[in-house]
Amino acid sequence: MVIYVRDFTEVFEKAASVTVIKDGVKTQHVCTSEQFDRILKALKKGIANSRLMPAFGVSLQDETLSAMTAGEWVEFDFQKRVDEFEMPFERLLIEVVPDYAGINIIRFTKEYGYTGRCFHLDLCGGNLSELYGIIKNGL
């Protein structure tokens, strides 16, 4: 099994905006806003000790769109194609669940939508509870 050691938090810092999706309702925050900063800091705290691992599965467009109608999600938009770890994307989507030990990061590309391989982070004892609280309680 391959374990990557590069800090994945650097990827999110390149985003132009983040969209919070709460039970299907979307709210976008640009990278210069206080809300973006709060979301990014909470995410970085939750994944600070994480390890990038081989993905456990793939995303399917229709299933992902359906799943996004419930729960809490964040989607980072880069407004251009980005290639990290030999996988391209324009956006990265995360379901925010406070007690997961690992998270799938779903890639969006103009060509395939949400269909394709995901990134997977083993949170190594971290969690997204702070980010979840920010989203659940409103910014």
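## Points about the confidence of the model for the chain
Now for step 1: Looking at the chain, pLDDT values average 91 and 95% of them are 70 or higher.
Now for step 2: The secondary structure element of the chain with the lowest average pLDDT is strand β3 (residues 51–53), at 86, and the one with the highest is strand β1 (residues 17–22), at 97.
Now for step 3: Here residues 1–5 scores under 50 on pLDDT; set against residues more than four positions off or in separate chains, the count is 9 contacts.

## Overview of helix α4 (residues 129–136)
Now for step 1: Among all positions of α4, only Leu131, Ile134 and Ile135 are buried. For α4, the arc enclosing every buried residue in end-on projection is 95°, short of the 170-degree limit, so these residues lie on one face.

## Observations concerning helix α2 (residues 34–46)
Now for step 1: Compared with an ideal rise of 1.5 Å per residue, which puts 13 residues at 18 Å, α2 spans 19 Å between its outermost C-alpha atoms and is within 8% of the ideal.
Now for step 2: Taken together, the buried positions of α2 are occupied by Phe36, Ile39, Leu40, Ala42, Leu43 and Gly46. The buried residues of α2 occupy an angular sector of 165° when the element is viewed end-on, so they sit on one face. Exposed residues lying more than 90 degrees from the buried face of α2 are Glu34, Lys41 and Lys45.

## A look at the environment of isoleucine 105
Now for step 1: Following the sequence through the fold, isoleucine 105 ends up in strand β7 (residues 102–108).
Now for step 2: Considering only alpha carbons, one finds isoleucine 105 and arginine 91, 14 residues apart in sequence, at a separation of 9.8 Å.
Now for step 3: What isoleucine 105 contacts, discounting residues up to four positions off in sequence, is Phe8, Phe12, Leu92, Leu93, Ile94, Cys118, Phe119 and Leu121.

About the criteria used
Residues numbered from 1 in each chain as written. Predicted model: local features only at pLDDT ≥ 70, side-chain atom pairs only at ≥ 80, totals over all residues. Heavy atoms only, no water. pLDDT = per-residue confidence, 0-100. Helix = DSSP H or I, 4+ residues; strand = E, 2+ residues; numbered from the N terminus. Contact = heavy atoms within 4.5 Å. Buried < 20%, exposed > 50% of the residue type's maximum accessible area, 1.4 Å probe, protein only. Arc of directions from axis to C-beta. Expected span 1.5 Å × (residues − 1).

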